[in-house]
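# Close look at the chain arrangement
One letter stands for each residue in the lines below.
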Amino acid sequence: MAPVIDRERVEMKELADYSDGPSLISSELIQVDESPRVALAWDDGAHTALPPIWLRDHCPCDACRHASSRERLCKIIDIEVGVPDVSLDHGALLLVWPDGHESRFDGVWLHQRRPGQHQFQPTVPAARAWREGFMPAQVTHRDFTSTDAGQRQWLEALIRDGLVLLDQGPTESDEVTRIAESIGPLRATNFGARFDVQSKPNPNNAAYTAIELELHSDLPNWRNPPDIQLLYCLESEAEGGASTFADGFAVAEAMRHESPKHFAMLAEIPIDLRFQDDDHDIVVREPIIRTDDRGELREIRFNNWIRDAVDVAPDQIEDWYAAYCDFWARLRAPRYRADFELAPGQMIAFDNRRVLHGRGEFNPNTGKRHLQGCYLDYDMVESKLRVLAR
Ligand SMILES: [Fe+2]
């Protein structure tokens, strides 16, 4: 039987929950390659050996971390770290440094935050590719606005699937803004902070017409395109205009697998994406598919009507178009799509960097079609989820 440790919780100036977890059961100073290490072990079998500088830098005392802002005050550059005396005290790690400074660490916090795990994101779900037949999770407007669980369910689905539906909301102008602002401040663009998607005379954007909008991402001509888009349906009497979505990451992964040359073409060759009207000329040169240094997909920038003149080497032009049309054809394939009609009072939210969106042509003579939209930063979506998880 494991010994019952009378554990004392140490204030780590940390708002994420570390109240419960494996117990720290041993601590000792060891030498690894003639360098001192603080060796720690927990009762779940986890162990680590930390250079003293890491522990000194993370000391949570009031002199090292501000009591109310919780921000770091300790300046490691000005500290002669040295080798501490190491002991366990009621399940906490106690270090006494050569200059007399004392550091106490919570054992569960150390288990959570021990370096090299790269997984201190327990509350944010991982992205999950859509399977054939995928339809977005639904949360009612009432659950979203009146319960933490409803809001959490909505946020988790948005991060996991990149698409989530809010249902049974009021058909009140600007409800989309109220919902967005319960998550974070709106991300404004050249179309304003809140925009209206309806056909209008002399449109400066395809969204303000009645034509079909093929799958696309919004504002890929910005260095930093909007992360999350919210679209709230107020009226949908017009014939046509069904919404369509596709998991751009799933499409890109399939292309990487089946046509690696086409994938490389779109991931490696930047093109110009550009919006121009009387007041703006916003252009960026980026590849259509962006991967990180490990090859993981990070972003899709696909929007045919704001693609500028294709400025690639003449001997690459035909290969580039072949790759572009391959990706486009895959987007059109039903396998990767979710198509449905938005009803008044429904709001769709999606990850604009991952999920592409579009709509069918509609006939403005058969009735009104009016959506209101706005954008949010991904940081605010994750932040809200972490706060709700506390
Ligand atoms: Fe759009």
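Residues numbered from 1 in each chain as written. Predicted model: local features only at pLDDT ≥ 70, side-chain atom pairs only at ≥ 80, totals over all residues. Heavy atoms only, no water.

## Quick look at the packing of aromatic side chains
Inspection of every chain in the model, using the stated rule, returns 15 aromatic pairs. Through a chain of ring-to-ring contacts, three or more aromatic side chains come together here, namely F302, W320, Y321, Y324, F327 and W328. Against the face of W42 rests R114, its NZ or CZ located 5.6 Å from the ring centre. (Phe/Tyr/Trp six-rings, centres within 6.5 Å; stacked < 30°, edge-to-face > 60°. Lys NZ or Arg CZ within 6 Å of the ring centre and 35° of its normal.)

## Description of the coordination of the iron ion
Coordination of the iron ion by the protein comes from H216 (NE2), D218 (OD) and H357 (NE2), over a distance range of 2.1 to 2.2 Å. Positions of the donor residues of the iron ion along the chain correspond to the pattern H-x1-D-x138-H. When sorted by exposure, H216 lands in the same class as D218, which is buried. (Donors = N, O, S within 2.8 Å, 3.2 Å for Na, K, Ca; no water. Buried < 20%, exposed > 50% of the residue type's maximum accessible area, 1.4 Å probe, protein only.)

## A few points about helix 9 (residues 378-389)
For helix 9, spanning 12 residues, the distance from its first C-alpha to its last is 17 Å, which sits close to the expected 16 Å at 1.5 Å a residue. Listed as buried for helix 9 are V381, E382, L385 and L388. What you see down the axis of helix 9 is that its buried residues fit within an arc of 125°, all on one side. Its buried side turned inward, helix 9 meets helix 4 (148-161) and strand 11 (228-236). (Helix = DSSP H or I, 4+ residues; strand = E, 2+ residues; numbered from the N terminus. Expected span 1.5 Å × (residues − 1). Arc of directions from axis to C-beta. Contact = heavy atoms within 4.5 Å.)

## So, the sheet that holds strand 2 (residues 35-42)
The sheet built from three strands is open, its strands ordered 1-2-3 with antiparallel pairing. Strand pairing shows two members of the sheet lacking a second neighbour, strand 1 (24-32) and strand 3 (47-50), which therefore form its edges. On average, each strand axis in the sheet is tilted by 20° relative to the strand beside it, whichever way the strands run. (Pairing = 2+ DSSP bridges. Axes fitted to C-alpha atoms, helices over the stretch in contact; angles between N-to-C directions.)

## Observations concerning the nonpolar core
One recurring pattern in soluble globular proteins: nonpolar side chains tend to sit buried together. Within the largest apolar cluster, 30 residues are counted, with the highest numbers of intra-cluster contacts made by L266, I289, F302 and F327. Setting aside residues no more than four positions away along its own chain, F302 makes contact with L215, H216, S217, P220, I288, Y324, F327, W328, L331 and L356. With 25 residues, the next largest nonpolar core counts F144, I159, I183 and A349 among its residues. (Core = buried A, V, L, I, M, F, W, Y, C linked by side-chain atoms within 4.5 Å.)

## Considerations on the pairing of strand 20 (residues 355-359)
The side chains of a regular strand alternate, first on one face of the sheet and then on the other. For strand 20, the buried fraction is high: five of the five residues fall into the buried class. Burial along strand 20 is two-sided: V355, H357 and R359 facing one way and L356 and G358 facing the other are all buried. Sheet analysis places strand 10 (residues 213-216) next to strand 20, joined by two bridges and oriented antiparallel. Residue pairing for strand 20: H216 is matched across the bridge by H357. Examined bridge by bridge, strand 13 (residues 243-247) and strand 20 share five bridges and lie antiparallel to one another.

## Considering the layout of surface pockets
By volume, the largest pocket amounts to about 790 Å³. Along its surface, the largest pocket is lined by 30 residues, and A127, F249, L297, R298 and R354 are the ones closest to its centre. Breaking the lining of the largest pocket down by element, the ones donating at least two residues are helix 4, helix 6 (248-258), strand 17 (297-300) and helix 9. Top contributing element to the lining of the largest pocket by residue count: helix 6, with four residues. Each residue belonging to the lining of the largest pocket can be placed in one class, and the counts come to 14 nonpolar, two polar and 14 charged. (1 Å grid on protein atoms, 1.4 Å probe; cavity = no way out; pocket = protein on both sides within 12 Å on 5 of 7 lines; lining within 4 Å. Points joined across faces, edges and corners; volume = space filled by probe spheres on them. Nonpolar A, V, L, I, M, F, W, Y, C, P; charged D, E, K, R; others polar.)

## So, unusual backbone geometry
Glycine aside, residues mostly have negative phi angles, and peptide bonds mostly take the trans form. Its identity as a non-glycine residue notwithstanding, D33 has a phi of 50°, on the positive side. With respect to the helices and strands, the residue D33 is situated in the loop between strand 1 and strand 2. Phi is positive for Q168, close to 60°, though the residue is something other than glycine. As for its placement among the helices and strands, Q168 is situated in the loop between strand 8 (163-167) and helix 5 (175-181).

The values are spatial; any link to function lies outside them.
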